[in-house]
Amino acid sequence: MGLKYKFNQAKKILNALDPEALMNIRKIGRDIQRAEEKLTQKGKKLFLKCKTECHGLCCRNLQPDSIISLYDFLFILLMNPELHTAIAKCLENENIFYTSDCIFLKDGKGPCIFPPDSMPEICITSFCGYEYSIEKEINHLKRKFIKFIWLIFLHKQGMLKNKVVRWFKRN
């Protein structure tokens, strides 16, 4: 599918949502941000280890399209609209057939362009090994993402229903 496609779809979905839906979804987005902040605080030593010992190994030699979802883009764009240009610029370098390092690393080296409280779900919840010390925070964050995804799904279904009703009224 490619990251550009997901990014463009996220923009379309956000533009199609009514103000009330955006307000409801943004509320859950803030819950995700708080959960990401808690995880970052509780896992401070692990994140430091990632930077000092692994040097961000998980951000290299990967397929970003398999890690970053449409819903990650929806979350990031909704909570950080100022990142739109930076993300679009990174996506200019997307090569869906061959990847080496994550295209969202500043200057191709890091750190990540996404703020610590607005990371894609897999990026912030994945470590070199299973970490029992932050299991509770990871599970809490994943539940928040599931709630976010379901709310968007339900709003998309409502938008589809409204389109069908309008079409039948015209015909």
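In the block above lies the structure referred to throughout.
The structure contained in this document is the topic of the report that follows. (Residues numbered from 1 in each chain as written. Predicted model: local features only at pLDDT ≥ 70, side-chain atom pairs only at ≥ 80, totals over all residues. Heavy atoms only, no water.)

With the rule as written, the count across this model stands at six aromatic pairs. Plain terms: the ring middles of Phe7 and Phe73 are 5.6 Å apart, the flat faces sit at 70° to each other, and that makes the pair edge-to-face. Of this pair, Phe7 sits in helix H1 (residues 3-16) while Phe73 sits in helix H5 (residues 70-79), placing them 66 residues apart in sequence. Judged on exposure class, the residue Phe7 and its partner Phe73 are both buried. Between Trp150 and Phe153 the ring centres are 5.4 Å apart and the planes differ by 85°, which places this aromatic pair in the edge-to-face class. Separated by three residues within a single helix, Trp150 and Phe153 lie in helix H8 (residues 135-170), roughly one turn from each other. An aromatic cluster is present here, built from Phe7, Phe73, Phe104 and Phe114 joined pairwise through their rings. (Phe/Tyr/Trp six-rings, centres within 6.5 Å; stacked < 30°, edge-to-face > 60°. Helix = DSSP H or I, 4+ residues; strand = E, 2+ residues; numbered from the N terminus. Buried < 20%, exposed > 50% of the residue type's maximum accessible area, 1.4 Å probe, protein only.)

This part is about a positive patch on the surface. Together, Arg26, Lys27, Arg30 and Lys147 line one region of the surface with positive charge. The element that contributes the greatest number of residues to the positive patch is helix H2 (residues 19-42), accounting for three residues. Judged by its relative accessible area of 32%, Arg26 is partly exposed. (Patch = residues over 30% accessible without salt bridge, like charges linked within 9 Å, V, L, I, M, F, W, Y side chains within 5 Å. Areas by Shrake-Rupley, 256 points an atom, 1.4 Å probe, with all protein chains shown as cover. Salt bridge = Lys/Arg side-chain N within 4 Å of Asp/Glu carboxyl O. Lys, Arg positive; Asp, Glu negative; His and termini not counted. Charge placed at Lys NZ, Arg CZ, Asp CG, Glu CD.)

The rolling of a water-molecule-sized probe over the atoms marks out the regions of remaining empty space. Size it by volume and the largest pocket reaches roughly 950 Å³. If you list the elements that add at least two residues to the lining of the largest pocket, you get H2, helix H3 (44-54), helix H4 (64-67) and helix H7 (121-125). Considering only residue class, the lining of the largest pocket consists of 23 nonpolar, seven polar and six charged. Looking at the second largest pocket, its volume works out to about 170 Å³. Around the second largest pocket, the lining residues are Ala86, Lys89, Cys90, Asn93, Ile103, Leu105, Lys106, Asp107 and Ile113. By residue class, the composition of the lining of the second largest pocket is five nonpolar, one polar and three charged. (1 Å grid on protein atoms, 1.4 Å probe; cavity = no way out; pocket = protein on both sides within 12 Å on 5 of 7 lines; lining within 4 Å. Points joined across faces, edges and corners; volume = space filled by probe spheres on them. Nonpolar A, V, L, I, M, F, W, Y, C, P; charged D, E, K, R; others polar.)

This brings us to the pattern of salt bridges. Considering all chains together, one arrives at four salt bridges under this definition. With a closest N to O distance of 3.7 Å, Glu137 and Lys42 form a salt bridge. Here Lys42 lies in helix H2 and Glu137 lies in helix H8, a separation of 95 residues in the sequence. With a relative accessible area of 15%, Glu137 lands in the buried category.

Here we come to the packing of H1 against helix H6 (residues 84-91). Remark: H1 packs on H6, axes separated minimally by 10 Å, with the N-to-C direction vectors making an angle of 155°. With respect to H6, the axis of H1 lies roughly antiparallel. Between H1 and H6 lies a crossing of left-handed hand. Between H1 and H6, the contacting residues are Leu3, Lys4, Phe7 and Lys11 on the first element and His84, Ile87, Ala88 and Leu91 on the second. Of the residues belonging to the contact of H1 with H6, the class tally is five nonpolar, one polar and two charged. (Axes fitted to C-alpha atoms, helices over the stretch in contact; angles between N-to-C directions. Parallel < 35°, antiparallel > 145°, perpendicular 65-115°, else oblique. Left-handed = near helix turned anticlockwise from the far one by under 90°. Contact = heavy atoms within 4.5 Å.)

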